[in-house]
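Examining the three-dimensional arrangement
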Amino acid sequence: MTDLRVQLAQANHILFDQGVLDAFGHVSVRSEERADRFLLARNMAPVLVTPEDVQEYDLDGETDGPASSYLERFIHAEIYRARPDVQAVVHSHSASVIPFGLSSTPLRAVFHMAGFLVDGVARFEIRDVAGDATDLLVRDARLGAALAASLGQAPFALMRGHGSVAVAPSLPLAVYRAVYAEENAALQLRGLPLADVDYLTPGEGRAAAQTNAGQVARAWDMWLRLAGRHESLRSA
Ligand SMILES: [Zn+2]
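Scope of this entry: the structure provided in the associated data block. (Residues numbered from 1 in each chain as written. Predicted model: local features only at pLDDT ≥ 70, side-chain atom pairs only at ≥ 80, totals over all residues. Heavy atoms only, no water.)

Focus on the coordination of the zinc ion
Protein coordination of the zinc ion is provided by Glu72 (OE), His91 (NE2), His93 (NE2) and His162 (NE2), with donor distances spanning 2.0 to 2.2 Å. For the zinc ion, the four donor atoms in the first shell make angles of 93 to 145° at the metal, so the coordination geometry reads as irregular. Sequence spacing of the donor residues for the zinc ion, all on one chain, is E-x18-H-x1-H-x68-H. Here the residue His93 occupies a position in the loop between β4 (88-92) and α3 (98-102), and His162 occupies one in the loop between β6 (156-159) and β7 (163-168), the gap between them amounting to 69 residues. Residue His162 is classed as buried on the basis of its relative accessible area, which comes to 10%. (Donors = N, O, S within 2.8 Å, 3.2 Å for Na, K, Ca; no water. Tetrahedral: all angles 85-135°; square planar, octahedral: opposite > 155°, others 65-115°. Helix = DSSP H or I, 4+ residues; strand = E, 2+ residues; numbered from the N terminus. Buried < 20%, exposed > 50% of the residue type's maximum accessible area, 1.4 Å probe, protein only.)

Take a look at the structure:
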């Protein structure tokens, strides 16, 4: 059992506890041994994931693990293929982010905790690649590659009518970004009706992001303890 599988199970629990994942959505991490492999839980609710539920996948979304896979594993596979800098990916349907995928109003950094958003919020429109009668799911490599192309070099992408993707150079930072993108979206929705809303400048956002990246362990340790309150679900 590698530590990375333990940490990935913890990431699942944190993202559930923080309201980013519910029964759906998933988080992955690139293998430490092979850059063309990544770790992802089998098809199950994130809060129930244990290290034994983690399977290894290649960049075609194939696994030799025994259990069934998430339909949308191609999100992860194609982003790892396109972005060598990315070490972890969170795909979620967190509620406050959804409206920004529907609207031309851009999701922008409203506070320092989400400063990383100044580096770009991409948009993925599945209709552009698969027409207007899909189930919105990124269920094959072609759609995954289109999503990765839309993401470009950004840390975050909106998926219209579906959810979002947060990526980062480490698993704790990807979790952090997914949590604070949701928080930022909730705050921006509250701020939008107010007059003269002002946003972080690119310089402010980058400076804040650099500071916060050094503080992620502090958040992770607390989030992990909070997530421990769901332990009984896993032993049930
Ligand atoms: Zn999804």
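Some words on helix α2 (residues 73-82)
The buried fraction of α2 is high, at eight of 10 residues. Of the positions making up α2, those classed as buried are Arg73, Phe74, Ile75, His76, Ala77, Glu78, Ile79 and Tyr80.

Remarks on the nonpolar core
Here is a general trend for soluble globular proteins: nonpolar side chains tend to be buried in one another's company. In this structure, Leu15 and Val175 are the most contacted members of the largest nonpolar core, which totals 43 residues. Mapped by element, the contributors of at least two residues to this core are α1 (3-17), β1 (26-30), β4, β6, β7, α6 (171-191) and α8 (216-227). Aside from chain neighbours lying at most four places away, what touches Leu15 is Val20, Leu21, Val27, Val90, Val175, Ala178 and Val179. (Core = buried A, V, L, I, M, F, W, Y, C linked by side-chain atoms within 4.5 Å. Contact = heavy atoms within 4.5 Å.)

Here we look at the side chain of Ser96
Within the secondary structure, Ser96 sits in the loop between β4 and α3. Exposure remark for Ser96: the relative accessible area of 14% places this residue in the buried category. For Ser96, the side chain forms a polar contact with the side chain of Glu182, separated by 2.8 Å. (Polar contact = N/O pair within 3.5 Å; in protein donor to acceptor, adjacent residues only side chain to side chain.)

Remarks on the packing of α2 against helix α5 (residues 141-151)
The contact between α2 and α5 brings their axes to 8 Å, and the two run at 50°. Between α2 and α5, the crossing angle belongs to the class labelled oblique. The hand of the α2/α5 crossing is right-handed. On α5, the residues touching Phe74, Ile75, Glu78, Ile79 and Ala82 of α2 are Ala141, Gly144, Ala145, Leu147, Ala148 and Leu151. A breakdown of the residues in the contact of α2 with α5 according to their chemical character gives nine nonpolar, one polar and one charged. (Axes fitted to C-alpha atoms, helices over the stretch in contact; angles between N-to-C directions. Parallel < 35°, antiparallel > 145°, perpendicular 65-115°, else oblique. Left-handed = near helix turned anticlockwise from the far one by under 90°. Nonpolar A, V, L, I, M, F, W, Y, C, P; charged D, E, K, R; others polar.)

Quick word on the pattern of salt bridges
Evaluated as defined, the whole model comprises 12 salt bridges. Linking Glu78 and Arg81 is a salt bridge whose minimum nitrogen-to-oxygen distance equals 3.0 Å. Residue Glu78 and its partner Arg81 are located together in helix α2, separated by three residues, close to a single helical turn. For Glu78, a relative accessible area of 7% puts it in the buried group. (Salt bridge = Lys/Arg side-chain N within 4 Å of Asp/Glu carboxyl O.)

Description of the pairing of strand β2 (residues 37-41)
Burial runs high along β2: five of the five residues are buried. Burial along β2 is two-sided: the face carrying Arg37, Leu39 and Ala41 and the face carrying Phe38 and Leu40 are both buried. Where β1 and β2 come together, three bridges link them in antiparallel fashion. For Arg30, the partnering residue across the bridge sits in β2 and is Phe38. Connecting the antiparallel pair β1 and β2 is a turn made up of six residues. Where β2 and strand β3 (residues 54-58) come together, five bridges link them in antiparallel fashion. Residue Ala41 lies in a different strand from β3, and its bridge partner there is Val54. (Pairing = 2+ DSSP bridges.)

Observations regarding the environment of Asp22
One can find Asp22 in the loop between α1 and β1. Distance from Asp22 to Gln215, taken between C-alpha atoms, is 26 Å for residues 193 residues apart in sequence.

That is the geometry; function is a separate question.
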